[in-house]
Amino acid sequence: MDPEIPSSHASPQSGGSPMQTARRRRRWLLLALAPLLLVVVAFALDRALSENEILRGVWVGDLALSGLTKNQAKERVRELGARLGSLPVPVKVRGKLYEISPKSFGFAVDVDATVERAFAVGRNTSLPSQLGWWLAGWVKANRLELSANVSDAALTDAIAGVEARAVDDLPFAGRVRFDGSRVQAELPRSGHRVSRDQGAELVLAQAKRLTRTAVELPLEEAAPSTADGAVKAAARRASELLSGDVTLVSLEGDAKISFHRADLGRALVSAISDDGHQLELTFDAKTIDGLLASYRKESERPPEDASFAIDGDKVSVVPSRPGTLLSATRVADAVLEAASSKARVGVLPLVRGEPPKLSTEDALALRIKGLVSQFTTFHPCCQPRVDNIHRIADILDGYIVRPGEIVSLNAAVGPRTKKNGFVAAPTIEEGEMVDSLGGGVSQFATTFFNALLRGGYDILERQPHSYYFSRYPMGHEATLSWPKPDIIFKNDTEAGMLIKTSYSGTSITVKVYGDNGGRKVRLTRSAQFDTKKPPVELIPDEDVPPDEEKVKESGQIGWSVIVGRVIRFADGHEKEEKRKVIYSPRVRRVRVHPCRIPEGEPGYTGKDCPVPDAGTEPDAGP
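As the structure is a prediction and not an experimental result, all values here were calculated from the model.

Parameters and conventions
Residues numbered from 1 in each chain as written. Predicted model: local features only at pLDDT ≥ 70, side-chain atom pairs only at ≥ 80, totals over all residues. Heavy atoms only, no water. Helix = DSSP H or I, 4+ residues; strand = E, 2+ residues; numbered from the N terminus. Buried < 20%, exposed > 50% of the residue type's maximum accessible area, 1.4 Å probe, protein only. Contact = heavy atoms within 4.5 Å. Core = buried A, V, L, I, M, F, W, Y, C linked by side-chain atoms within 4.5 Å. Salt bridge = Lys/Arg side-chain N within 4 Å of Asp/Glu carboxyl O. Pairing = 2+ DSSP bridges. Axes fitted to C-alpha atoms, helices over the stretch in contact; angles between N-to-C directions.

## Observations concerning the overall build of the chain
The number of helices and strands found in the chain is 15 helices and 37 strands. Per-residue burial over the chain gives 38% buried out of 622 residues. Long-range pairs, those at least 24 residues apart, make up 71% of the contacts in the chain with a sequence separation of at least 6.

What follows is the structure in structure tokens.
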């Protein structure tokens, strides 16, 4: 029998060695941990892929934001906010349906805050918590509420607006009224109001939803803020206020208004005081305004510009005066104060209205001291052109030119139209005399130009007449039409210019007041030269005998002349101006028999003029 040999391996019945058992345990542990490792790896991979995106399962209300970047999410939330803001919020009060506009209480989605909150979901916790949130996200969504801004005061006002329409038994604070003969007190009573806090929560919650349902705004019982005693005290006070008429007198004593007791009673109103516990009495400004209607014409006045008074050659300033108005609000306050006094008399408050266009200070600053220059021209009486001369003079009378200002006479007067007060009268157009609106204003233009000329003012533009008129100074004259020719000048002095005009039936005068700094003006004119005979125009006329002619227009010679102005300034230096003025010859028009018309001229017939019959002298006798 062989000897027994010890073995290093355990028998099968023993269950294996300790090393084998440890290996089996590790294998089972790995098998058990494998799913968890897979979950962790999936979680890590998902987070890596979603680093710049909102995590899976995140919603804002009914809006899915999963997988969107912040910018993409902001665009979606911004669109949602616009839709929410355009949809009214339906509410009910006692079963009746009303609507509240989100815009009325300033509803606006806070896009940035909403997206930041959505992006932070599932991230801002510990890793185990994040893993748990991630696993839960596979079976349920994470819904956030929109972040929105509202005006609490405006939301309260919106609910109050619905309340005013829907609730007919609001708490009544009482009031005081006048029935035409005596004061009546209506005592306070309890009622119902919409709960402001609960109502605001319900409205705001609905405003954040696209799918909106009408919510019932809860009502609550409410007591009046005033007590019976407060209303009765107000009634006693009202009786004192309405115990008689009230009179208001202006400080100057030139305006006086009396309010009868019955009128005051109609204007009396009561309102809850700021603390909510008293009734305050006032007079309604709107009712008072109606009572003032008949007094406004006497008591109110428009503003008055400063003006200039002329005494000989001297000028003084007449002060300006602001407008005065009756303010219904201030009058109502003054009536309340007067009604509270024993005398029942108070001050009529006249408030400043529109300021004058030219204040006293502005007028004084113009430094218009006295007469600088003037000129007068004469004309025949009673022609249509005289009406136009007077009209343009009226428009410019009192015209003020400030220092440094450039003035166009045409711009200051405006177009010559019937609406502007002008009539048709003869004027020169392209060398011919024709009727046109405003004809004759060149008479004023010449007068005006000469006043400026003699005052030493800077004349930038003027045009003489094309023909000479003996009623004007030769060379020193001007014509005017719309829009050209024009007279344009500059006030190149340190003082203002005041234009004053006057006229009679046969003359027009323009005076310039101001201060030209002591300028002296000397006018010059050369002798006439370049004389030109007038052209002759023959007008065919069968009624004129061949050996006669009849003058229709005598015509006029033309010539040139050099005119000038020498301005001597206060410091002694001089400025000389010269200009050549050309007067065209005026056509001589003669009516003759057609046979007298030369060949090539209008009206030529080619027929010879008849020759008188030859006769014999009578016999002289033996």
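## Details of the nonpolar core
Core analysis: the biggest nonpolar cluster contains 38 residues, and Leu65, Val77, Val91, Phe105 and Val203 have the highest contact counts within it. Ranked by residue count, the leading element in this core is helix 5 (residues 152–166), at six residues. Those residues in contact with valine 203 that lie beyond four places of it in its chain are Val89, Val91, Ile100, Phe105, Leu155 and Leu217. Within the second largest apolar cluster, 33 residues are counted, among which are Leu242, Leu268, Leu279 and Leu281.

## Structural notes on the pattern of salt bridges
Applying the stated criterion across every chain yields a total of 28 salt bridges. A salt bridge links glutamate 461 to lysine 484; the nearest nitrogen and oxygen atoms lie 2.7 Å apart. A residue pair is termed long-range when its members are at least 10 positions apart, and glutamate 461 in strand 27 (residues 458–461) and lysine 484 in the loop between strand 27 and strand 28 (488–490) qualify at 23 residues. Residue classification places glutamate 461 among the partly exposed positions, given a relative accessible area of 28%. Between aspartate 541 and arginine 591 there is a salt bridge; the shortest N-O distance is 2.5 Å. A residue pair is termed long-range when its members are at least 10 positions apart, and aspartate 541 in the loop between strand 33 (536–540) and strand 34 (549–553) and arginine 591 in strand 37 (residues 588–592) qualify at 50 residues. Since its relative accessible area comes to 14%, aspartate 541 is described here as buried.

## Some words on the sheet that holds strand 13 (residues 246–249)
If you trace the three strands from one edge of the open sheet to the other, you get 14-13-20, paired in mixed fashion. Edge strands, defined here as strands with exactly one partner in the open sheet, are strand 14 (256–259) and strand 20 (345–347). Strand-to-strand, the axes of this sheet are offset by a mean angle of 20 degrees, without reference to chain direction. Taken together, the four bridges between strand 13 and strand 14 define a ladder with antiparallel strand orientation. In the strand pairing of strand 14, valine 249 is matched with lysine 256. Packing against the sheet, helix 11 (residues 328–339) makes contact with strand 13, strand 14 and strand 20, and its axis sits at approximately 120 degrees to strand 13.

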